[in-house]
Amino acid sequence: MKNSRNDSQEESIIPPVLPTYARMDIAIDHGKGVYAYDQDGREYLDFGCGIGVNNLGFCHPELVRAITEQATKVWHTSNIYRIPGQERLAKRLVDNTFADTVFFTNSGAEAVECAMKMARKYHYENESPERYRIITFEGCFHGRTLATIAASGQEKLTHGFGPMMDGFDQVPFHRDMTRVEEAITHETAAIMIEPVMGEGGIKPVSSDNMRILRELCDKHGILLIFDEIQCGMGRTERLFAYQHSPVSPDILCAAKGIGGGFPLGACLATERVGRAMTTGSHGSTYGGNPMAMAVGNRVLDIMLADGFFDQVEKMSYDLRKGLLTLRGKFPDVIELVRGVGLMLGLKVTVDPPVFVAKALQHGLLVVRAADNMIRLLPPLIIEKKHIDEAIGKLEKICAEIEKELPKNLPDSE
Ligand SMILES: Cc1ncc(COP(=O)(O)O)c(C=O)c1O
């Protein structure tokens, strides 16, 4: 008998899967395109994408082909050998972004860890070892490792895991980012921000503010890190969200959509910064493995094809229009519509889990976020008919919620 088990009546048995998630009672058995099917064959229109991951929908035939072909060749070698798929994907990311070099990881948090190590090492190698602190923003989310929860500083993530790693200074998500300068000291190594905050409630940083942050970094000799794990890989009608603005970062973290559902992350950097990461300074057993590289390269083939982002832009326009119409019809349910591209959010007046559960009943998958937001992160391959279907479902959901809202009866005389 295992230590943790006993046969007494009042035993509380922990489930075999560590219960760190408040899971919904639905198990997706398979998916095709923009639709998911549960174990009973019920169909769901997927406007959540496994939280911004399945950007090309379920089982995209090109991705299935890429991974199947690779599966019959080689799955894993090691980073002690050359990995041709890695060289190719890195070169293509370099060719299509600000970056000169890429480190591959298996997840978003690892990409952020790499970025933070890089920032410290850059200053260390440039004779400023006192520069180790990173400025982050209230409400941000960078992952669940000890360093990334310290970076986010949110009590709901850090509770019980203290003492927190030192080296992070939190500032409000300012409307005017010039105020970030107040937090910069001689110990500051970098500013890290999500160009569109995801978990924090779909909050885009304006082009002006991106420029201000870049100027502050240049003025003080510190690095600018963009966490594009959720908002990157086509979500905002560009490969990366920063490409809407005139500025570029020194380091960028990608994950989620970059692997189309296969675990993959990446930390992109300029040559100036990347040079600090010398042989032996960082590593990963699986990062950049041949399977992930096969899918990653095929994801890029699809996204970089002519017209892909134009189509995302068109769909974004239609979806936003539909959502604004709904907002007009149900002002007591939807407070506002916010976001960029196909990363849109509805700020609702009810508890978000109530909305998400109702959506599930109507066969629509959506995801909650902070600030009472419902995130709509549909696959980038959606068509107009899917948008119409989603709006139709949302209309029914809003109508039901509206009926259930407590009535504001006129005051009696
Ligand atoms: C902006 C951002 N950064 C980092 C992460 C962490 O990524 P992962 O869960 O793959 O470690 C997430 C995940 O939601 C994210 O949205």
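Going by the structure above, here's the rest.
Because the structure is a prediction, the values reported are computed rather than measured.

Chemist: Would you take a moment to explain helix H7 (residues 207–220) for this structure?
Modeler: Because the α-helix completes a turn every 3.6 residues, residues three or four places apart line up on one side. In this model, H7 (14 residues) spans 20 Å end to end at C-alpha, consistent with the 20 Å of a helix rising 1.5 Å per residue. Taken residue by residue, H7 has Asn209, Met210, Ile212, Leu213, Arg214, Leu216 and Cys217 as its buried positions. Structurally, H7 contributes buried residues whose contacts are with strand S5 (133–137), strand S7 (188–193) and strand S10 (223–227).

Chemist: Teacher, can you tell me more about the side chain of asparagine 55 here?
Modeler: Considering the arrangement of structural elements, one finds asparagine 55 in the loop between helix H1 (49–52) and helix H2 (61–71). Residue asparagine 55 is classed as buried on the basis of its relative accessible area of 1%. Reaching out from asparagine 55, the side chain makes a polar contact with the side chain of arginine 235 at a distance of 3.0 Å.

Chemist: I tried to follow the site of the ligand on my own but got confused; where do I start?
Modeler: In the region of the ligand, the neighbouring residues are Ser107, Gly108, Ala109, Phe141, His142, Gly143, Glu194, Glu199, Asp227, Ile229, Gln230 and Lys256. Between the ligand and phenylalanine 141, the relevant distance is 3.3 Å, taken from a nitrogen atom to a main-chain nitrogen or oxygen of the residue. Take glutamine 230: an N or O atom from its side chain is 2.8 Å from an oxygen atom of the ligand. Partitioning the shell around the ligand into residue classes produces three nonpolar, five polar and four charged.

Chemist: Help me out: how do you make sense of the sheet that holds strand S12 (residues 265–269) in this one?
Modeler: Strand pairing in a sheet takes place through backbone hydrogen bonds and is either antiparallel or parallel in direction. Strand order across the open sheet formed by seven strands is S4-S12-S11-S10-S7-S5-S6, with mixed pairing between neighbours. The open sheet has two edge strands, strand S4 (101–105) and strand S6 (168–171), and neither has a second partner. For this sheet, the mean angle separating the axes of adjacent strands, direction not counted, is 20 degrees. Note: S7 against S10, four bridges, orientation parallel. When the sheet's bridge partners are listed, isoleucine 193 is paired in S10 with phenylalanine 226.

Scoring rules and cut-offs
Residues numbered from 1 in each chain as written. Predicted model: local features only at pLDDT ≥ 70, side-chain atom pairs only at ≥ 80, totals over all residues. Heavy atoms only, no water. Helix = DSSP H or I, 4+ residues; strand = E, 2+ residues; numbered from the N terminus. Expected span 1.5 Å × (residues − 1). Buried < 20%, exposed > 50% of the residue type's maximum accessible area, 1.4 Å probe, protein only. Contact = heavy atoms within 4.5 Å. Polar contact = N/O pair within 3.5 Å; in protein donor to acceptor, adjacent residues only side chain to side chain. Near = heavy atom within 4 Å. Nonpolar A, V, L, I, M, F, W, Y, C, P; charged D, E, K, R; others polar. Pairing = 2+ DSSP bridges. Axes fitted to C-alpha atoms, helices over the stretch in contact; angles between N-to-C directions.

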